2 protein chains.
Amino acid sequence: MVFSSKLIEDAVQEFARLPGIGKKTALRLVLQLLKMDEQDVDAFTSAIGRMRHEVQFCKVCHNVADTEVCMICVNRARNSTQVCVVETIRDVIAIESTQQYNGLYHVLGGILSPLDGIGPGQLYIGTLHDRVKNNGVEELIMALSPTIEGDTTVYYIARQLKDLPVRITTIARGIAFGGELEYADEMTLARSIAKRLPIENYVNSAGS
Amino acid sequence: MVFSSKLIEDAVQEFARLPGIGKKTALRLVLQLLKMDEQDVDAFTSAIGRMRHEVQFCKVCHNVADTEVCMICVNRARNSTQVCVVETIRDVIAIESTQQYNGLYHVLGGILSPLDGIGPGQLYIGTLHDRVKNNGVEELIMALSPTIEGDTTVYYIARQLKDLPVRITTIARGIAFGGELEYADEMTLARSIAKRLPIENYVNSAGS
């Protein structure tokens, strides 16, 4: 692309550095911003700047936070005996958006993946151990990716915590609502048959 | 989506105001920016801020410019007797990127579209008239949308300039390179047969 304005070119190049944004999309967004009121563009850039400079990571659960401890961890109305272990803050947002979970979280920062060079030292497993030991956590709900790496991480954590009196569970695996049996992979289908539920449980879990 | 950080939520909402960016894409971009170095995010926001506050519109051709007159209009190496008339600055970028055109431009700012309330008064037709009259323009190349509105605009401008000694041409319409005949619409196909070229012209135009 050939630009007749360095200002436009610079803005397009900055946008195109974001993953998933090509040059054409970047140009479209820049021309859109050019059409917007200056104060709206200032609101856009300052929201991003503030986000990057001021966001903190909760020192308890490693979720993003506006303060030293995140608003989930400080919320006394939540059940602090349950901790849901997730890979990223994106998973926290996904689970919070269901509005069905009232416990706390622990963001590992990833899962064990020797091929990517991610070992236990790169994950927040030590702080999870401390929380379970000192904060009266009774149940850890492992909500990690349903992959070999996810399962390995679950087993690794379970072994690290084996001397502590905590119940470790994982989220249910099975056929998704609206999913079609014939398109489910064999592992999932086999597991959902092996872990079948009596009808009353099914009705309860669908309704709650 | 439920966020545990107002800073993240604000940034996601600002991104999601851009057309074509949904909440999920906005969140992905924000989390990507969160991973980037602070100085890279500053470069991103300041490039956008500078673009919006400092970009000007060339007072000759209405293209975007970093100065009062754009770098295409001030370039003495370009052929100032040819002016290519386009709808938007995006068209200027598209034609400049071909690196095959060495004349100047005139950005109309749209095309006549009574349904959208766009009449001649909303377009830069007056300044085009002045340029042709005073600046020695010999040829106007109309590169507008191949639609009824585009054709109407071409005819309107031609009528406005009928007393001036300027040649008005339009870009060639036809089957695109790599296009398949069977998928071409009837209008285009009919026109490309009616305006067929002798083979030597075809070879010349393909090779130049």
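Just so it is clear, the model here is predicted, and its values are computed rather than measured.

**Some remarks on the overall build of chain A**
- In terms of regular secondary structure, chain A is built from eight helices and six strands.
- Across chain A, helices and strands are ordered from the amino to the carboxyl terminus as α-α-α-β-β-β-α-β-α-β-α-β-α-α.
- When the backbone C-alpha atoms are referred to their principal axes, chain A occupies close to 65 × 45 × 40 Å.
- Within chain A, the proportion of its 208 residues that are buried is 38%.
- Long-range contacts, defined here as pairs at least 24 residues apart, represent 49% of the contacts in chain A between residues at least 6 apart.

**Notes on the relation of the copies chain A and chain B**
- For the pair chain A and chain B, the relating rotation is 180°, the translation along its axis is 0.0 Å, and the fit reaches an RMSD of 0.1 Å. What we have between these two chains is a two-fold relation. If distances are taken from each C-alpha of chain A to the rotation axis, the shortest is found for Thr45 of chain A, at 2.6 Å.
- Taken as a fraction of all interface residues of chain A, those also at the interface in chain B reach 100%, which identifies the copy contact as same-surface.

**Concerning the packing of helix H2 (residues 23–35) of chain A against helix H4 (residues 89–98) of chain B**
- Running from N to C, H2 of chain A and H4 of chain B point in directions that differ by 145°, and their axes come no closer than 11 Å. The two elements H2 of chain A and H4 of chain B cross, and the hand of that crossing is right-handed. In contact with Leu27, Arg28, Leu31 and Leu34 of chain A of H2 of chain A, H4 of chain B contributes Ile89, Arg90 and Ile93 of chain B.
- Residues belonging to the contact of H2 of chain A with H4 of chain B are distributed by class as follows: five nonpolar, no polar and two charged.

**Remarks on the confidence of the model for chain A**
- The pLDDT averaged across chain A works out to 90; a share of 96% of its residues lies at or above 70.
- At the level of chain-chain contacts, confidence expressed as ipTM amounts to 0.84, with global pTM at 0.81.

**A short note on the sheet that holds strand E3 (residues 79–86) of chain B**
Residue and element names in this part refer to chain B.
- With parallel pairing, the four strands of this open sheet are ordered in space as E4-E3-E5-E6. For this open sheet the edge positions go to strand E4 (103–107) and strand E6 (167–170), each flanked by a neighbour on one side alone. Shown here is a sheet whose adjacent strand axes are inclined to one another by a mean of 25°, direction ignored.
- Across the face of the sheet, helix H5 (residues 126–134) comes into contact with E3, E4 and strand E5 (139–142) while running at roughly 155° to E4.

**Observations concerning the packing of aromatic side chains**
- Tallied over the entire structure, the rule returns four aromatic pairs over all chains.
- When the ring of Phe44 of chain A is compared with that of Phe15 of chain B, the centres are 5.1 Å apart and the planes differ by 75°; the resulting orientation is edge-to-face. Here Phe44 of chain A is found in helix H3 (residues 38–54), whereas its partner Phe15 of chain B is found in helix H1 (residues 6–16) on a different chain.
- Plain terms: the ring middles of Tyr101 of chain A and Tyr105 of chain A are 5.3 Å apart, the flat faces sit at 65° to each other, and that makes the pair edge-to-face.
- Owing to a relative accessible area of 16%, Tyr101 of chain A belongs among the buried residues under this scheme.
- Relative accessible area serves as the criterion here: at 1%, Tyr105 of chain A is assigned to the buried category.

**A look at the pattern of salt bridges**
- Enumeration over the complete set of coordinates arrives at 14 salt bridges over all chains.
- Its salt-bridge partner being Asp10 of chain A, residue Lys6 of chain A comes within 2.8 Å of it at the nearest N-O pair. With Lys6 of chain A and Asp10 of chain A both in helix H1 (residues 6–16), this residue pair falls four residues apart, about one helical turn.
- A relative accessible area of 19% means that Asp10 of chain A is categorised as buried.
- Its salt-bridge partner being Lys59 of chain A, residue Glu68 of chain A comes within 3.8 Å of it at the nearest N-O pair. With respect to burial, Glu68 of chain A and Lys59 of chain A carry one shared label: exposed.
- It is possible to trace a salt-bridge network through shared partners that takes in Glu14 and Arg17 of chain A together with Asp40 of chain B.

**Overview of the interface of chain A and chain B**
- On the chain B side, the residues contacting the 56 residues of chain A number 56 residues.
- Buried surface at the junction of chain A and chain B, both sides included, amounts to about 5,500 Å², of which 69% is carbon and sulfur.
- Residue Asp40 of chain B pairs with Arg17 of chain A through a salt bridge whose shortest N-O separation is 3.5 Å.
- Between chain A and chain B we count 18 residue pairs in polar contact (both at pLDDT 80 or more) in total.
- Broken down by secondary-structure element, the contributors of at least two residues to the side of chain A that touches chain B are H1, H2, H3, strand E2 (64–65) and helix H4 (89–98) of chain A.
- In terms of residue count, H3 of chain A provides more of the side of chain A that touches chain B than any other element does, 15 residues in total.

Parameters at a glance
Residues numbered from 1 in each chain as written. Chains lettered and ligands numbered in written order. Predicted model: local features only at pLDDT ≥ 70, side-chain atom pairs only at ≥ 80, totals over all residues. Heavy atoms only, no water. Helix = DSSP H or I, 4+ residues; strand = E, 2+ residues; numbered from the N terminus. Buried < 20%, exposed > 50% of the residue type's maximum accessible area, 1.4 Å probe, protein only. Contact = heavy atoms within 4.5 Å. Least-squares fit on C-alpha atoms with pLDDT ≥ 70 in both. Axes fitted to C-alpha atoms, helices over the stretch in contact; angles between N-to-C directions. Left-handed = near helix turned anticlockwise from the far one by under 90°. Nonpolar A, V, L, I, M, F, W, Y, C, P; charged D, E, K, R; others polar. pLDDT = per-residue confidence, 0-100. Pairing = 2+ DSSP bridges. Phe/Tyr/Trp six-rings, centres within 6.5 Å; stacked < 30°, edge-to-face > 60°. Salt bridge = Lys/Arg side-chain N within 4 Å of Asp/Glu carboxyl O. Buried area = accessible area lost by both parts, 1.4 Å probe. Polar contact = N/O pair within 3.5 Å; in protein donor to acceptor, adjacent residues only side chain to side chain.

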